Amino acid sequence: MQEIKKYVEENKQRFLDELFELLRFPSVSADPKYKADVLKTADFVAQKLKDAGADNVEICETAGYPIVYGEKIIDASLPTVLIYGHYDVQPADPLELWKTPPFEPTVRDGKIYARGACDDKGQFYMHVKAFELMMKTNTLACNVKFMIEGEEEVGSANLGIFVNANVDRLKADVVLISDTSMISMENPSIETGLRGLAYMEVEVVGPNRDLHSGVYGGAVANPATILCKMIASLHDENNHITIPAFYDKVVELTDAEKKALNSAPFDLNEYKEDLDINAEWGEKGYSTLERTGTRPTLEVNGIWSGYIGEGAKTVLPSKANAKISMRLVPNQTSYEISEIFTKHFERIAPDYVKVKVTAHHGGEPVVTPTDSIAYRAAEKAIVDSFGKSPIPTRGGGSIPIVALFESALGIKSVLFGFGLDSDALHSPNEKYDIFNYYKGIETLPLFHKYFAELSK
């Protein structure tokens, strides 16, 4: 541990400077206008893998954005760790809510503010620097493969094709992913499960053009009003999702599982204060930790219609749209939930409008084992680095490729994130604590050490 700390201390400013350089690339995969920047980011990642000591570094073309691959095979008889991350980021909108420019990383109170700071540039880059550390100090204990993609934020549409076409190349004993969070640096944790995702877009169409709201209002159905009513009907008075068959395959936690989950440190008052809300909201009969980690949800991610410019324009809009995401739990599948959502939304549409439902990307829920060699290695690494055992938790987010790795490669993943739930992922003023960044670089080499030792 002392050797690790010494190397980090000697190189900490360079580590930070390199992360800042990475964060300055506006690698927004969802917006074609950033295509050149996304490709430049892939080039940067590939060069840094080479600089760190990786072999066979390649920018692998796909039908979308490329996947950066690199490896270091020191001994074929040793276990192999496949490191996954993504270099693309969410759009920075709304830009006016950022205190500082989203692609000009800024430090305030020991925190890096930038789009992608935590999700996932800061986190995957910890692995690149930890790998450099192990190479420079001659302490790499197992084989390492890197697979850093550029389409995670738009559903990883081409990753499955790449993985299935490169099964032998990607052969490993475990996938190591840092794209999740801990409870806190005082209460380190390891996520042992993730929810799945079904992402939908809906359109409600009324008249064949925008209408004068005075001439036609009250006689023609307003698509914006109808859409709001349809969306509101998707939850009942207990905030339970009303779509038939939605919960059919959901398995309730046992009393023991509930007790273990709710034993994690959680202060509801701090939670509300951090979000500036007066009260929590959610499905009746479940705690906040249960709602965010083990229950399925349905949320409106965006809604638009009519005139939203400056001043007034009295129109009855021709159509209204919304984007809706559903987080899924074990036994639910994105395909099945997308199907029942589509049928339900079409069924509840009144005759005076037409609806169109489009399924975008999705992913499957996963639960990772806590009795594996890899999980025990992560536990021991945290004990050494933090001085206490990690708390197993369930993550509310989705990483669709975890299920893909298990089905295509036959290997489990360890979700070894160093972010915090308060890091404003996907929101304005996303941040990542500098302490967490360095702590990850210090802890990850210990995982490799213990994974190699426990695998013997």
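What you are looking at is a predicted structure, and each value in this text was computed from that prediction instead of being measured. (Residues numbered from 1 in each chain as written. Predicted model: local features only at pLDDT ≥ 70, side-chain atom pairs only at ≥ 80, totals over all residues. Heavy atoms only, no water.)

1. Concerning the domain arrangement of the protein chain
The condition that has to hold: Where each domain starts and ends follows an automatic or database-derived domain assignment. By definition, the buried area sums, over both parts, the 1.4 Å-probe accessible area that each loses when the two are put together. Any Lys or Arg side-chain nitrogen located within 4 Å of an Asp or Glu carboxyl oxygen qualifies as a salt bridge.
The assigned domain composition of the protein chain is domain 1 (1-194 + 366-455) and domain 2 (196-250 + 296-363). Its C-alpha centre places domain 1 at a distance of 35 Å from the equivalent point of domain 2. Between domain 1 and domain 2, the buried area comes to about 530 Å², and carbon and sulfur atoms account for 57% of it. If you sort the residues of domain 1 by the area they bury against domain 2, Gly155, Ser398 and Pro400 come out on top, with a joint share of 54%. Counting the contacts that link domain 1 with domain 2 gives zero salt bridges.

2. Some points on the pattern of salt bridges
Selection criterion: A run of H or I in DSSP counts as a helix once it spans at least four residues, and a run of E counts as a strand once it spans at least two, with each numbered from the N terminus. Buried means the residue's accessible area, taken with a 1.4 Å probe over protein chains only, is under 20% of the maximum for its type, while exposed means over 50%, and partly exposed covers the values in between.
Across all of its chains, the model carries 20 salt bridges by this definition. Note that Lys129 is salt-bridged to Glu132, the shortest N-O span being 2.6 Å. Here Glu132 and Lys129 lie together in helix 3 (residues 121-136), a separation of three residues that amounts to about one turn. In terms of burial, Lys129 and Glu132 fall into one category: buried.

3. Points about the UniProt feature "domain: Peptidase M20 dimerisation" (unreviewed entry) in the protein chain
Selection criterion: UniProt positions are given in the numbering used here, feature names are shortened, and annotations may be inferred rather than shown by experiment.
As recorded in UniProt, the sites labelled "domain: Peptidase M20 dimerisation" (unreviewed entry) are residues 192-352. As annotated, residues 192-352 has a helix share of 31% and a strand share of 22%, and its two end C-alpha atoms lie 47 Å apart.

4. As for the side chain of His344
Using the following cut-off: Residues count as neighbours in contact if any of their non-hydrogen atoms are within 4.5 Å of one another.
Among the secondary structure elements, His344 is positioned in helix 10 (residues 334-347). Classification of His344 by relative accessible area gives buried; the value is 9%. Beyond its immediate stretch of four places on either side in the chain, His344 contacts Leu234, Thr242, Ile243 and Pro244.

5. Regarding the sheet that holds strand 14 (residues 319-328)
Worth spelling out the cut-off: Pairing between strands is defined by DSSP: at least two bridges between the two strands are required. To get an axis, fit a line to the C-alpha atoms, keeping to the stretch in contact for a helix; angles then go from 0 to 180 degrees between the N-to-C directions.
Taken together, four strands build an open sheet; the order of strands is 12-14-10-15 and the sheet is antiparallel. Each edge of the sheet is formed by a strand with only one pairing partner; in this case those strands are strand 12 (297-305) and strand 15 (354-363). Recorded for the sheet is a direction-independent mean angle of 15 degrees between the axes of neighbouring strands. Relative to strand 14, strand 10 (residues 196-205) runs antiparallel, the two sharing ten bridges.

6. A few points about helix 3
Along an α-helix, residues three or four apart share an orientation, since each turn contains 3.6 residues. Let me state the cut-off plainly: The span one expects for a helix is its residue count, reduced by one, times 1.5 Å.
Its 16 residues place the ends of helix 3 22 Å apart at the C-alpha level, agreeing with the 22 Å of an ideal helix rising 1.5 Å per residue. Among the 16 residues in helix 3, 14 count as buried, and that is most of the element. Just beyond helix 3, the residue with positive phi is Asn138, at close to 55 degrees.

7. Quick look at helix 13 (residues 434-454)
With 21 residues, helix 13 extends 31 Å between its outermost C-alpha atoms, agreeing within 8% with the 30 Å of an ideal straight helix rising 1.5 Å per residue. Among the 21 residues in helix 13, 17 count as buried, and that is most of the element.

8. Thoughts on the packing of aromatic side chains
Rules: For this analysis, a ring pair means two rings from Phe, Tyr or Trp (six-membered ring only for Trp) whose centres lie within 6.5 Å, classed as stacked if their planes differ by under 30 degrees, edge-to-face if by over 60, and tilted for the remaining angles. Whether a charge sits over a ring depends on NZ of Lys or CZ of Arg being within 6 Å of the ring centre and within 35 degrees of the ring normal.
Under the counting rule described, the total for this entry stands at twelve aromatic pairs. On the numbers, 5.7 Å between centres and 70 degrees between planes, the contact of Tyr84 with Phe405 is edge-to-face. In this pair, Tyr84 is assigned in strand 3 (residues 80-86) and Phe405 in helix 12 (residues 401-409), connecting sequence segments 321 residues apart. Look at Tyr84 and you get buried, because its relative accessible area is 1%. Seen from their ring centres, Tyr437 and Tyr438 are 5.6 Å apart, and the 35 degrees between their planes marks the pair as tilted. Of the two residues, Tyr437 and Tyr438, neither departs from the other in class, the shared state being buried. Clustering of aromatic rings is evident, with ring pairs tying together Phe416, Phe418, Phe447 and Phe451. In this arrangement the basic side chain of Arg108 is found over the ring face of Tyr113, its NZ or CZ atom lying 3.8 Å from the centre. Its end group placed over the ring of Tyr450, Lys380 keeps NZ or CZ at 4.7 Å from the ring centre.

9. Points about the pairing of strand 7 (residues 174-177)
Judged by which residues are buried, strand 7 turns out to be covered on both faces: Val174 and Leu176 on one side and Val175 and Ile177 on the other are all buried. Two elements, strand 3 and strand 7, share four bridges in a ladder whose sense is parallel. Bridging from a neighbouring strand, Leu82 pairs with Val175 of strand 7. Where strand 7 and strand 18 (residues 413-415) come together, three bridges link them in parallel fashion. By the bridge assignment, Ile177 is partnered in strand 18 with Leu415.

10. Notes on the nonpolar core
Formally: Buried Ala, Val, Leu, Ile, Met, Phe, Trp, Tyr and Cys residues that are joined via side-chain atoms within 4.5 Å together make up what is termed a nonpolar core.
One finds Tyr87, Phe416, Tyr437 and Phe447 to be the most contacted residues of the largest nonpolar core, which totals 68 residues. Those elements giving two or more residues to this core turn out to be helix 1 (2-23), helix 2 (35-52), strand 3, helix 3, strand 6 (143-149), strand 7, helix 11 (373-386) and helix 13. Looking at this core element by element, the count peaks at ten residues for helix 13. If you look at the next biggest cluster of nonpolar residues, it comprises 29 residues, including Ala198, Ile226, Ile324 and Ile337.

11. Regarding the sheet that holds strand 20 (residues 431-433)
Spatially, three strands are ordered 4-5-20 in an open sheet, and the strand pairing comes out antiparallel. Bordering the open sheet on either side are strand 4 (106-108) and strand 20, each of which pairs with just one other strand. Across the sheet, the axes of successive neighbouring strands diverge by a mean angle of 30 degrees, strand direction being ignored. Pairing analysis gives three bridges linking strand 5 (residues 111-113) to strand 20, with the strands arranged antiparallel. Bridge pairing in strand 20 links Lys111 to Asp433. Taken strand by strand, helix 13 contacts strand 4, strand 5 and strand 20, and its axis lies near 60 degrees from that of strand 20.

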